[in-house]
Structures are given as C-alpha cells and as structure tokens.
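Descriptive structure summary
Here is what each chain is made of, one letter per residue.
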Amino acid sequence: MIGAIIGDIIGSRFEFNNTRDYDFELFDKQCSFTDDTICTVAVADAIMSEQPYKEKILEWCRRYPHPMGGYGGKFAQWVASDNPEPYNSFGNGAAMRVSPIGWAFNNSTNVIDEAIKSARCSHSHDEGLKGAWAIALAVWYLSHHHWKEAREDVQKMCVQLYGKDYVDNLPRIGTWDETCQGCVPLAIHLFFLSSSFEDAIRIAISYGGDSDTLGAIVGSLAGAYYEIPRKIEKKAMSYLPKDMLDVVERFKQKYM
C-alpha cells in the first residue's frame, strides 16, 4: 500500500510529461498525490472500517474532487452520479487501488474475492476484475511468502492470466495504455526487472506512458517485496494531508 502511494506521488509530475531519464529526481515541488492515492486510501479505509468499497471510494473521491491530473472521464461521472452503477470498465484504476487487500487478508481465496468486490463497484468488465485480482494476489504472494517462492508464484499467475507470451505483447516504451490488460502485465514485468524498491520505481517511471498509475502498481509490488527506504517513505508521506496519513498509519500498524 505504501509503495503504491510512493509510486503515485513520484510519477505524478510525469503523467502528461514523460521522462526517459532513469536518474530523475525522485521528488519535486511539482509532485502531488493523485486519484491513485485517494482510491488506495479509500480501499484501506473500507477494510479497516468494514464498510463497502463503493461507499468509501465515493466518500474519499468526493472529499478530494480535484486531485492532480483529475479523474478519468467515466470514473469522474461515476463519482458525481446520484446513483453510481458499474460501467463495464477495464481501466487500470481497478488495479492501482487494490494493494491494501493483498496485505489485509490471510489467504488467496479471500484476497481474490475482496479484490473482485473492490473492482466490481465501478470496473465491472472481466479484464478490470482480472487486473484487480492479479495485483492483489501478487501483493499477497510477495508480502506473505519467502522471496524466491513469491516471485515464482507471481510469475506463474501472470502466465496463467495473460499467457506464456505476455512479455511479447506489452505496451511499448512511452505508450499510453490505461487498460488493465496492458498495464497489469507490464507492471509485473517491470517489477521482475528490479533489484530494489527505488530501482523498481525508477524503471517504472522512466518507461513512460501512464506514469503515476504505472508507478503506483509497480510500487505496490515492490513495496511488498523489498524494504522501502525510510527516507523515501518519509518524504512521500509529507505530500499527504492529515486524514490520509491517519489511514495509512493505522493500516500500517494493523497489517504491515
């Protein structure tokens, strides 16, 4: 969860102005949290308060109606609607917000069930559900199992969900792809290329495309697998308002 927030904040200033420089400055005055962080906090809050994901996502998104980069068009309409209903989306929003589920639930069946619930309230297309399931389960593997076994499990899962040749079909460098079927296998692949948390974030952001969301999804995986440098975590948290920090801290103490 914390890794997702860090990846989002670091990637925020590059969402519409990609960088190919691996050695970019991690933090800048232009950085901020985006919808990725808001929705991740909402899912964490829903888990801790035992409230429906839909209610908490709507609550938090309406509390912060104008994040950096805004909300996607269909999702923004869903948030503003008097009667929000699922709109058959397979956008990567289903995957970017799901990481708290991988930390909070103790077995793979519960993780999959909860991931699908968290996505279905808005992103009800099969690919949206699959993307949420894939990232939540990957986070669960990486945070609850031995390192070598966890990587092998995530690799097997990715092949099962996206095919043996999934690497050959990934979005090209710099390609904007905000679908789950494009972004999720790409994020898993980029994570596999990394050697540390910071390396994973740098690889993701310098790949280009939807930088903040790719950073958030790769960050969620890397944060479950590697130790997050305290200096990076502290700096990222300085961008969050108090109500978000409260949720993050309570979730961290209970589940991480």
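An account of the accompanying structure is given in this report. (Residues numbered from 1 in each chain as written. Predicted model: local features only at pLDDT ≥ 70, side-chain atom pairs only at ≥ 80, totals over all residues. Heavy atoms only, no water.)

**Digging into the overall build of the protein chain**
Stated formally: Each helix corresponds to a stretch of at least 4 residues labelled H or I by DSSP, and each strand to a stretch of at least 2 residues labelled E; elements are numbered beginning at the N terminus. Atoms counted for the radius of gyration: C-alpha only. Globule rule: 2.2 Å times the number of residues to the power 0.38. Each residue is placed in one exposure class: buried if its accessible area under a 1.4 Å probe, protein chains only, is under 20% of its type's maximum, exposed if it is over 50%, and partly exposed if it falls in between.
Assigned secondary structure in the protein chain consists of 14 helices and 0 strands. In sequence order, the secondary structure elements of the protein chain are arranged as α-α-α-α-α-α-α-α-α-α-α-α-α-α. The globule rule puts the C-alpha radius of gyration for 256 residues at 18 Å, and the 16 Å found for the protein chain is close to it. Principal axes of the C-alpha set define a box for the protein chain whose edges measure 45 × 40 × 35 Å. Within the protein chain, buried positions represent 60% of all 256 residues.

**Details of the nonpolar core**
Where a protein is soluble and globular, its nonpolar side chains tend to be buried together. Going by this rule: Nonpolar cores are built from buried Ala, Val, Leu, Ile, Met, Phe, Trp, Tyr and Cys residues. Side-chain atoms within 4.5 Å join them into one set. Throughout, a contact is declared for two residues whenever any of their heavy atoms are within 4.5 Å.
If you look at the biggest cluster of nonpolar residues, it comprises 98 residues, and the most contacted ones within it are Ile9, Ile57, Ile101, Ile135, Met157, Ile188 and Leu214. Looking at this core element by element, the count peaks at 11 residues for helix α8 (residues 126–144). Apart from the residues lying within four places of it in its own chain, the contact partners of isoleucine 101 are Val43, Ile47, Tyr53, Val111, Glu114, Ala115, Ser118 and Ala136.

**Notes on unusual backbone geometry**
Of note in this structure, glutamate 50 is not a glycine but carries a positive phi near 55°. With respect to the helices and strands, the residue glutamate 50 is situated in the loop between α2 (35–49) and α3 (53–63). Judged by its relative accessible area of 70%, glutamate 50 falls in the exposed class.

**Some thoughts on the side chain of arginine 202**
Condition: Definition of a polar contact: a pair of N or O atoms within 3.5 Å, with one able to donate and the other able to accept a hydrogen when the atoms are protein atoms, and with sequence-neighbouring residues admitted only if both atoms are side-chain atoms.
Take arginine 202: it is sitting in helix α11 (residues 197–207). Arginine 202 gets classed as buried once you look at its relative accessible area, which sits at 11%. Within the local environment of arginine 202, its side chain forms a polar contact with the backbone oxygen of phenylalanine 24, the two atoms lying 2.7 Å apart.

**Some words on the packing of aromatic side chains**
The criterion, for reference: Working definition: rings of Phe, Tyr and Trp (its six-membered ring) pair if their centres are within 6.5 Å, and the pair is stacked with planes under 30 degrees apart, edge-to-face with planes over 60 apart, and tilted otherwise. In this analysis the charged atom, NZ for Lys or CZ for Arg, is taken to sit over a ring once it is within 6 Å of the ring centre and within 35 degrees of the ring normal.
Applying the stated criterion across every chain yields a total of 13 aromatic pairs. Residues tyrosine 225 and tyrosine 226 carry aromatic rings whose centres are separated by 4.9 Å and whose planes lie at 80° to one another, so their mutual orientation is edge-to-face. The same class applies to tyrosine 225 and to tyrosine 226, which are both buried. Through pairs of rings, three or more aromatic residues link up here, namely Phe191, Phe192, Tyr225 and Tyr226. When the ring centre of phenylalanine 191 is taken as origin, the NZ or CZ atom of arginine 151, which lies over that ring, is 5.5 Å away. Sitting over the face of the ring of phenylalanine 24, arginine 202 holds its NZ or CZ atom 5.2 Å from the ring centroid.

**Regarding the packing of helix α7 (residues 108–120) against α8**
Stated formally: As a rule, the C-alpha atoms of each element are fitted with a line to give its axis, helices using only the stretch in contact, and angles between N-to-C directions run from 0 to 180 degrees. For classification purposes, an angle smaller than 35 degrees is called roughly parallel, one larger than 145 roughly antiparallel, one from 65 to 115 roughly perpendicular, and anything else oblique. Handedness of a crossing follows from how the near helix is turned relative to the far one, being left-handed for an anticlockwise turn of less than a right angle and right-handed for a clockwise one. Residue polarity follows a fixed list, in which Ala, Val, Leu, Ile, Met, Phe, Trp, Tyr, Cys and Pro are nonpolar, Asp, Glu, Lys and Arg are charged, and the others, Gly among them, are polar.
Two numbers describe how α7 lies on α8: the axes approach to 8 Å, and their chain directions differ by 140°. Taken together, the axis directions place α7 and α8 in an arrangement best described as oblique. Note that α7 runs across α8; the crossing there is right-handed. Note on element contacts: α8 touches α7 through Gly128, Leu129, Ala132, Trp133, Ala136, Leu137 and Trp140, opposite Ser108, Val111, Ile112, Ala115, Ile116, Ala119 and Arg120. Split by residue class, the contact of α7 with α8 holds 11 nonpolar, 2 polar and 1 charged.

**Remarks on the state of the cysteines**
For the record, the criterion: Cysteine sulfur atoms that come within 2.5 Å of each other are treated as a disulfide pair.
All told, the structure shown has 0 disulfides when counted by the stated rule. Cysteine cysteine 61 shares no disulfide, and the gap to the nearest cysteine sulfur, in cysteine 39, comes to 3.8 Å.

**Topic: the environment of isoleucine 203**
Mapped onto the fold, isoleucine 203 is located in helix α11. Sequence separation of isoleucine 203 and leucine 190 is 13 residues, and the distance between their C-alpha atoms is 6.7 Å. Contact partners of isoleucine 203, with chain neighbours within four places excluded, come to Tyr22, Leu190, Leu193 and Ser194.

**Details of the side chain of serine 12**
Inspection of the secondary structure assignment puts serine 12 in the loop between α1 (2–11) and α2. Setting aside its immediate chain neighbours within four residues, serine 12 contacts Gln30, Cys31, Ser32, Thr34, Met68 and Asp212.

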